[in-house]
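A structural walkthrough
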Amino acid sequence: MRRLIALLFLIIATPAFAADPPAAPAVKGLWLLTDYPSQTVRPGEVANVRFKLQNAGLAPESLALSVDGVPKGWKADILGGGQPVAAAMPGINESASLQLRVDVPKDAKPGSQTMTINAKGATQSISLPVTLTIGTEAPAKLTMKAKLPSLMGTPKSSYEYTLSVSNDSGKDLTVALSAQAPSNFGTSFTEGYGSNEISSIPIEAGQSKDIKIKVTPPRDVKAGTYPVLVKVAAEGATAEQRVTLQISGQGHLTLSAKDGRLSGEATAGKASEYTLVVGNDGTAPLEDVEISGSVPTNWKAEYTPKSIPSVAPNEKKEVQVSVTPSDKTIAGDYVASFRANAKGESSNADFRITVTTSTVWGIVGIGIIAVALLVLLGAVARFGRR
């Protein structure tokens, strides 16, 4: 009995596998297809209706193309590959891309006109009705959107914004570009993919294009947020987009002499003192300013202080420089180069030093000459008696 119950349970629990459904029969035939069989057009414009001649599973044959119902004064052509064509022959399970071009006269009256595209062969034929409605001209309309409307940087940074301008009207427009920026800020426009500066850009009906605006702040701009209003206009239509520059302060390092003279005098073998002035003409503090320099061979240079922790905007700090020419230095003019370096900033100053020799050596030289003269006179006196 238990075996019988287990067998019944196994039969009930075993899932039944359904047979695969029969495959759908292959569709065969000839079709004329278009995404938009009814369109609106204005007087004096050209309507372009793109369509396909689709062959599904039929033997290829030449199909004559024609258009019926073309209104008087209108002109209709069927194009293939950009050229007028009279027939098409798509292969098995392939299609031919075609286009109905209709020139609408300027005096066309409002209303709808239906034309029929025909494709006819020896064994197959097909038709496609297309309706064109004459409408009134819609006013121009523009929209604009920035991809990144706010950028951060310093006065030296490059601020470049990409904006997408859309022509939402039914006709092609030439769009003028302009910008309102703070005083002394520079602005320029380029196409999204180019580098040539532009002041206007053509945009086809229903299409959009990317433009770029580059904003250059003045070097002495203070830290803050600065707005720039970008405008586009065409045939009475306008659009605006505000972009902003978030500028942080940046120091500007300067190095000069205290009295403005980048020259001095020194004596060979002796230390001479000069005063340099480190300044900050920027809008942010300069941190960890290091003082260094290069002097002629065998010279010595010492800096007091050698480093400055911080220089605030519009602040100046003095550095004492002690330069000792070599005691063998020949009298003349020499150049010493002094440098100030901070994070991201540096400044150089070339200092002309006129070196004179020590008076001690002058006295020694005179003594040597005097001794030589005495020896010479003594020799003359001694040998002259003979």
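All figures in this text were calculated on a predicted structure; none of them were measured in a lab.

1. As for the overall build of the protein
If you tally the helices and strands in the protein, you get two helices and 29 strands. Buried positions account for 33% of the 386 residues belonging to the protein. Across the protein, the fraction of contacts at a sequence separation of at least 24, relative to all contacts at a separation of at least 6, is 69%.

2. Quick notes on the sheet that holds strand β12 (residues 150–153)
One open sheet holds the five strands; their spatial order is β12-β20-β19-β14-β17, and the pairing between them is mixed. Looking at the sheet topology across the chains shown, the edges are occupied by β12 and β17 (200–203). Strand after strand, the sheet turns through a mean of 25 degrees between neighbouring axes, direction not considered. As judged from the four bridges shared by β12 and strand β20 (residues 237–247), these two strands associate in the parallel manner. Bridge pairing in β20 links S150 to T244.

3. Here we look at the side chain of T190
Checked against the element boundaries, T190 lands in strand β15 (residues 186–191). Exposure remark for T190: the relative accessible area of 12% places this residue in the buried category. If near-sequence neighbours (up to four positions away) are discounted, T190 is found in contact with S195, N196, E197, I198, I211 and K212.

4. Examining a nonpolar patch on the surface
A cluster of nonpolar side chains, contributed by V27, W31 and L33, occupies part of the molecular surface with about 280 Å² of accessible area. Looking at where L33 falls in the secondary structure, it is placed in strand β1 (residues 29–33).

5. Section: the confidence of the model for the protein
On average, the protein scores 87 in pLDDT, and the residues at 70 or more come to 88%. Overall, residues 6–18 carries pLDDT values under 50, and its contacts beyond four positions in sequence, including any with other chains, amount to zero contacts.

6. Details of the sheet that holds β1
The sheet built from five strands is open, its strands ordered β1-β3-β8-β5-β6 with antiparallel pairing. Both outer strands of the open sheet, β1 and β6 (83–84), are each paired with one neighbouring strand and no more. The sheet contact formed by β1 and strand β3 (residues 46–56) spans five bridges and is antiparallel. Looking across to β3, one finds that L32 is bridged to L53.

7. Some remarks on the packing of aromatic side chains
In this structure the tally under the stated criterion is five aromatic pairs. Centroid distance Y274 to F351: 4.9 Å. Interplanar angle 55 degrees. Geometry classified as tilted. Taken together, the positions of Y274 in strand β23 (residues 272–280) and F351 in strand β29 (residues 345–356) put the pair 77 residues apart, joining distant regions of the chain. Looking at Y274, the relative accessible area reads 8%, which means it is buried. Classification of F351 as buried rests on a relative accessible area of 3%.

8. Remarks on the nonpolar core
Grouped together as the largest cluster of nonpolar side chains are 30 residues, with contacts concentrated most on Y161 and V175. Those elements that place two or more of their residues in this core are β11 (142–146), β13 (159–167), β14 (173–180), β17, β18 (208–216), β19 (224–234) and β20. When residues no more than four places from it in sequence are discounted, the contact partners of V175 are L142, V165, S199, S200, I201, I203, V232, A233 and A234.

9. Looking at the pairing of strand β8 (residues 94–103)
Both β3 and β8 contribute to a ladder of 10 bridges, which runs antiparallel. Bridging from a neighbouring strand, A47 pairs with V102 of β8. Summarising the sheet, strand β5 (residues 75–80) and β8 pair through five bridges and their orientation is antiparallel. Bridged to I78 within β8 is L100.

10. Structural notes on the environment of E240
Inspection of the secondary structure puts E240 in strand β20. A sequence separation of 11 residues divides E240 from L229, and the C-alpha atoms of the two residues are 6.8 Å apart.

11. Re the side chain of Q241
With respect to the element layout, Q241 can be found in strand β20. Residue class for Q241 comes out buried when judged on its relative accessible area of 17%. Contacts of Q241, omitting those with residues within four sequence positions, involve M144, K145, A146, P149, L163, V228, L229 and V230.

12. Some remarks on the environment of K222
As for its placement among the helices and strands, K222 is situated in the loop between β18 and β19. Taking the relative accessible area as the measure of exposure, K222 reaches 61% and is therefore exposed. Separated by 60 residues in the primary sequence, K222 and G282 have C-alpha atoms spaced 8.4 Å apart. Ignoring anything within four residues of it in the chain, the contact list for K222 reads I247 and T283.

13. Brief notes about the pairing of strand β24 (residues 286–294)
Residues in a regular strand point their side chains to alternate faces of the sheet. Bridge analysis of β24 against strand β26 (residues 307–311) gives four bridges, and the strand direction is antiparallel. For E290, the partnering residue across the bridge sits in β26 and is S307. Relative to strand β28 (residues 332–342), β24 is paired through five bridges, and the arrangement is antiparallel. Bridged to E290 within β28 is N341.

14. Here's the deal with the pattern of salt bridges
Under the defined criterion, the tally for this structure stands at 10 salt bridges. Note that E45 is salt-bridged to R42, the shortest N-O span being 3.1 Å. Look at E45 and you get partly exposed, because its relative accessible area is 26%. The exposure class assigned to R42 is buried, which follows from its relative accessible area of 12%.

What counts and what doesn't
Residues numbered from 1 in each chain as written. Predicted model: local features only at pLDDT ≥ 70, side-chain atom pairs only at ≥ 80, totals over all residues. Heavy atoms only, no water. Helix = DSSP H or I, 4+ residues; strand = E, 2+ residues; numbered from the N terminus. Buried < 20%, exposed > 50% of the residue type's maximum accessible area, 1.4 Å probe, protein only. Contact = heavy atoms within 4.5 Å. Pairing = 2+ DSSP bridges. Axes fitted to C-alpha atoms, helices over the stretch in contact; angles between N-to-C directions. Patch = residues over 30% accessible without salt bridge, like charges linked within 9 Å, V, L, I, M, F, W, Y side chains within 5 Å. Areas by Shrake-Rupley, 256 points an atom, 1.4 Å probe, with all protein chains shown as cover. Salt bridge = Lys/Arg side-chain N within 4 Å of Asp/Glu carboxyl O. pLDDT = per-residue confidence, 0-100. Phe/Tyr/Trp six-rings, centres within 6.5 Å; stacked < 30°, edge-to-face > 60°. Core = buried A, V, L, I, M, F, W, Y, C linked by side-chain atoms within 4.5 Å.

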